[in-house]
Amino acid sequence: MNTGYANPYVVSEAPANERAAFIRNTYLHLAGAIGAFVLLEWLLIGVFGAQVAPLAMSMIGGWQWLLVLGAFMVVGTIADRWASSQTSKGMQYLGLGLFIVAEAIIFLPLLFIAIAVSGGNLDLISQAGLITALLVAGLTVTAFITRQDFSFLRGVIVIGSFVALGLIVASFIFGFDLGLLFSGAMILLMAASILYTTSNIIHHYQPTQHVAASLALFASVATLFWYVLQFVMSLASSD
């Protein structure tokens, strides 16, 4: 199987004990990334909220948000490259850490808005977190039970992501609201992304790439949570 990797074999061709270790390490790192993300948000909002809120809300004024999104994409590309390093374990962890920090920062405006919409509590965030967890669990179980190679979804995800980015830019230029339908479509796209990434964890990563695999999965889970939260907020605002 030619995957373009330097390693002589991918995880699906590795001995059973190596496959088990890779999957275990990947999901332990994913749990650690989610835990670090939650801790950062608790510090930024729960402890330093009064100082952070004005800066966070200034990120979404006018064209600033497009600049923030552009910076996030650049940082995400760098973080993924570092996490995929074949020469330095420290560089891999630096990439994962950088991405977690970037996610924590870009989530701040949405979380502050969600708290305001829910009357100053965490109800909507908790609901979105539970829905996201259930969706991720269901998709993960599906991928592992079926053992299906979902690599064919890559084209759908790439095209869908470019279409979504175009719609986001257009919404800023022409001033229209993307609304509930867009959030629902993005939830489906991120569900496909989680299936694709989980399939890669089962079939296509190298046995030593658990940090890169956890970053890819964390990115998909975080983006799914973003749009689930937007969906829940839209429903709450329409009541």
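Being a predicted model, the structure only gives us computed values, none of them experimental.

Summing up its helical and strand segments, the chain has eight helices and zero strands in all. The order of α-helices and β-strands along the chain, N terminus first, is α-α-α-α-α-α-α-α. In terms of overall size, the chain behaves like a compact globule, its C-alpha atoms giving a radius of gyration of 18 Å where 239 residues would be expected to give roughly 18 Å. The principal-axis extent of the C-alpha atoms belonging to the chain is close to 50 × 35 × 30 Å. Pairs at least 24 apart in sequence give 80% of the contacts found in the chain among residues at least 6 apart. Accessible area for the chain stands at about 12,100 Å²; split by element, carbon and sulfur atoms hold 71% of it. The positive charge centre, built from 6 side chains, and the negative charge centre, built from 9, are 16 Å apart in the chain.

Attention now goes to the environment of leucine 30. The residue leucine 30 is located in helix α1 (residues 16-47) in this model. For leucine 30, a relative accessible area of 8% gives the class buried. Put simply, leucine 30 and alanine 219 are 189 residues apart on the chain and 9.8 Å apart in space, counted from C-alpha to C-alpha. With residues near it in sequence (within four places) discarded, leucine 30 still touches Ser214, Leu217 and Phe218.

Moving on: the packing of aromatic side chains. This structure, assessed with the given rule, holds eleven aromatic pairs. Pairing phenylalanine 107 with tryptophan 226 gives two aromatic rings, centres 5.1 Å apart and planes at 80°, and the pair type is edge-to-face. Taken as a pair, phenylalanine 107 in helix α4 (residues 89-117) and tryptophan 226 in helix α8 (residues 210-238) lie far apart in primary sequence, 119 residues in all. For the pair formed by phenylalanine 107 and tryptophan 226, the shared burial category is buried. Residues phenylalanine 150 and phenylalanine 152 carry aromatic rings whose centres are separated by 5.9 Å and whose planes lie at 40° to one another, so their mutual orientation is tilted. Classification of phenylalanine 152 as exposed rests on a relative accessible area of 53%. Members of the aromatic cluster, connected to one another through ring pairs, are Phe37, Trp65, Phe72, Phe99, Phe107, Phe218, Phe225 and Trp226.

The next subject is the environment of serine 220. Structurally, the position occupied by serine 220 is in helix α8. As for serine 220 and threonine 197, which are separated by 23 residues in sequence, their C-alpha atoms are 8.1 Å apart. In contact with serine 220, not counting residues within four places along its chain, are Met190, Ser193, Ile194 and Thr197.

Across its 29 residues, α4 extends 42 Å between first and last C-alpha, which sits within 8% of the 42 Å expected from 1.5 Å per residue. At leucine 108, α4 shows its largest bend, some 45°, and a proline, proline 109, comes one to four positions later. Backbone nitrogen of glycine 90 and a side-chain oxygen of the N-cap are separated by 3.4 Å at the start of α4; the cap is serine 88. Positive backbone phi, approximately 75°, marks glycine 119, located one or two places after α4.

Together, Leu39, Trp42, Leu43, Val47 and Phe48 line one region of the surface with nonpolar side chains, adding up to about 490 Å² of accessible area. Along the chain, the position of leucine 39 falls in helix α1. Residue class for leucine 39 comes out partly exposed when judged on its relative accessible area of 48%.

Of all hydrophobic cores here, the largest spans 70 residues; its most connected members are Phe107 and Leu229. In terms of residue count, α8 provides more of this core than any other element does, 18 residues in total. Discounting chain neighbours no more than four positions away, the residues touching phenylalanine 107 are Phe37, Glu41, Ala222, Phe225 and Trp226.

What counts and how
- Residues numbered from 1 in each chain as written.
- Predicted model: local features only at pLDDT ≥ 70, side-chain atom pairs only at ≥ 80, totals over all residues.
- Heavy atoms only, no water.
- Helix = DSSP H or I, 4+ residues; strand = E, 2+ residues; numbered from the N terminus.
- Rg over C-alpha atoms; globule rule 2.2 N^0.38 Å.
- Contact = heavy atoms within 4.5 Å.
- Areas by Shrake-Rupley, 256 points an atom, 1.4 Å probe, with all protein chains shown as cover.
- Lys, Arg positive; Asp, Glu negative; His and termini not counted.
- Charge placed at Lys NZ, Arg CZ, Asp CG, Glu CD.
- Buried < 20%, exposed > 50% of the residue type's maximum accessible area, 1.4 Å probe, protein only.
- Phe/Tyr/Trp six-rings, centres within 6.5 Å; stacked < 30°, edge-to-face > 60°.
- Expected span 1.5 Å × (residues − 1).
- Bend = angle between axes of the 7 residues up to and from the residue.
- Polar contact = N/O pair within 3.5 Å; in protein donor to acceptor, adjacent residues only side chain to side chain.
- Patch = residues over 30% accessible without salt bridge, like charges linked within 9 Å, V, L, I, M, F, W, Y side chains within 5 Å.
- Salt bridge = Lys/Arg side-chain N within 4 Å of Asp/Glu carboxyl O.
- Core = buried A, V, L, I, M, F, W, Y, C linked by side-chain atoms within 4.5 Å.

Any functional reading would require information that these geometric values do not contain.
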